[in-house]
Amino acid sequence: MYHQRRLLIGFFFITFLLEICFCLLVKQIQNLPLVFYISISLFASGLFTILLYKTIQKRSYREFYSDHLATKEIRYTINSQGINYQSGRSHVYIEWENIIKGYEHNDMFCLYISNMKAILLPKRYFESNDDISSFKKLISENSNKINLKK
C-alpha cells in the first residue's frame, strides 16, 4: 500500500477536477449553488478513491498469500557489505549498490531493489531505538540513495 499511496492521492484529485468540470457544464443547464456541485464532486471522488483502494487492497492480499515465501518468517542480517535475508532454506544477498532508492517512514524503512520490489523493514523488528540508530548510521555510511529522517 505504500507503493499505491501516491496513485490514490493523484486519482482523487484528478477525478475531483474532472467531476468539477462536468458539474460546471451541468450548472449551465441547472441553476443550483456551486457549493452543491463541489459537495457532490468531493463525495463522488472519495467514493471512487475508496473503491480503487479496496480493489488494490484485495489484489495485494491475494498476491501476498499466493507467494509462499512471503508468508514465511524472514531473518535479516545487515552489515556494511549489504543485506542478507533468509526465508526457510532460501538466501538472498543484496549489496548496498543494488538498492536503487529508499525511504524512512514513521513505522518502517522501505528499501527498493527495483521500481516495484522493496525490502520492508518495520521498526518494530528492531529491539531498541539504539538498533534503529545503528541501522540509520550503517545506511548513511553505505548508501546515498536512501532518504532518512533527521
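The structure we're discussing is the one just above.
Residues numbered from 1 in each chain as written. Predicted model: local features only at pLDDT ≥ 70, side-chain atom pairs only at ≥ 80, totals over all residues. Heavy atoms only, no water.

As for the sheet that holds strand 6 (residues 118-122)
- Strand order across the open sheet formed by four strands is 6-5-4-7, with mixed pairing between neighbours. Looking at which strands have only one partner, the edges of the open sheet turn out to be strand 6 and strand 7 (146-147).
- Relative to the sheet, helix 3 (residues 129-142) contacts strand 4 (101-104), strand 5 (108-112), strand 6 and strand 7, its axis offset from that of strand 5 by approximately 25°. (Pairing = 2+ DSSP bridges. Helix = DSSP H or I, 4+ residues; strand = E, 2+ residues; numbered from the N terminus. Contact = heavy atoms within 4.5 Å. Axes fitted to C-alpha atoms, helices over the stretch in contact; angles between N-to-C directions.)

Here we look at the packing of aromatic side chains
- According to the stated counting rule, one finds eight aromatic pairs in the structure shown.
- Between Phe 12 and Phe 13, the ring centres sit 5.4 Å apart and the planes meet at 75°, which makes this aromatic pair edge-to-face.
- Plain terms: the ring middles of Phe 36 and Tyr 37 are 5.6 Å apart, the flat faces sit at 75° to each other, and that makes the pair edge-to-face.
- Within the aromatic cluster, the residues linked to one another by ring pairs are Phe 12, Phe 13 and Phe 16. (Phe/Tyr/Trp six-rings, centres within 6.5 Å; stacked < 30°, edge-to-face > 60°.)

Side note on the nonpolar core
- Counting residues in hydrophobic clusters, the biggest one holds 15 residues, and the most contacted among them are Trp 96, Ile 99, Leu 111, Ile 119 and Phe 135.
- Looking at this core, the elements that each hand over two or more residues are strand 2 (82-87), strand 5, strand 6 and helix 3.
- Looking at this core element by element, the count peaks at four residues for helix 3.
- Each residue touching Ile 119, except ones within four places of it in the same chain, is listed here: Tyr 76, Ile 83, Tyr 85, Ile 94, Phe 109, Cys 110, Leu 111 and Ile 113. (Core = buried A, V, L, I, M, F, W, Y, C linked by side-chain atoms within 4.5 Å. Buried < 20%, exposed > 50% of the residue type's maximum accessible area, 1.4 Å probe, protein only.)

Details of the sheet that holds strand 1 (residues 75-78)
- The strand order across the open sheet built from three strands is 1-2-3, with neighbouring strands paired in antiparallel fashion. A single partner strand is all that each edge strand has here, and the edge strands are strand 1 and strand 3 (90-95). The sheet shows a mean angle of 15° between the axes of neighbouring strands, direction not considered.
- Pairing between strand 1 and strand 2: four bridges, direction antiparallel. From the neighbouring strand, Tyr 76 faces strand 2, where its bridge partner is Tyr 85.

Details of the pattern of salt bridges
- The final tally for this structure, using the stated rule, is three salt bridges.
- With a closest N to O distance of 3.8 Å, Glu 73 and Arg 75 form a salt bridge.
- Glu 73 gets classed as exposed once you look at its relative accessible area, which sits at 62%.
- A salt bridge links Lys 136 to Glu 104, with the shortest nitrogen-to-oxygen separation between them at 3.3 Å. Placement of Lys 136 in helix 3 and of Glu 104 in strand 4 is noted, with a sequence separation of 32 residues between them.
- Taken together, the shared-partner salt bridges connect Glu 104, Lys 123 and Lys 136 into one network. (Salt bridge = Lys/Arg side-chain N within 4 Å of Asp/Glu carboxyl O.)

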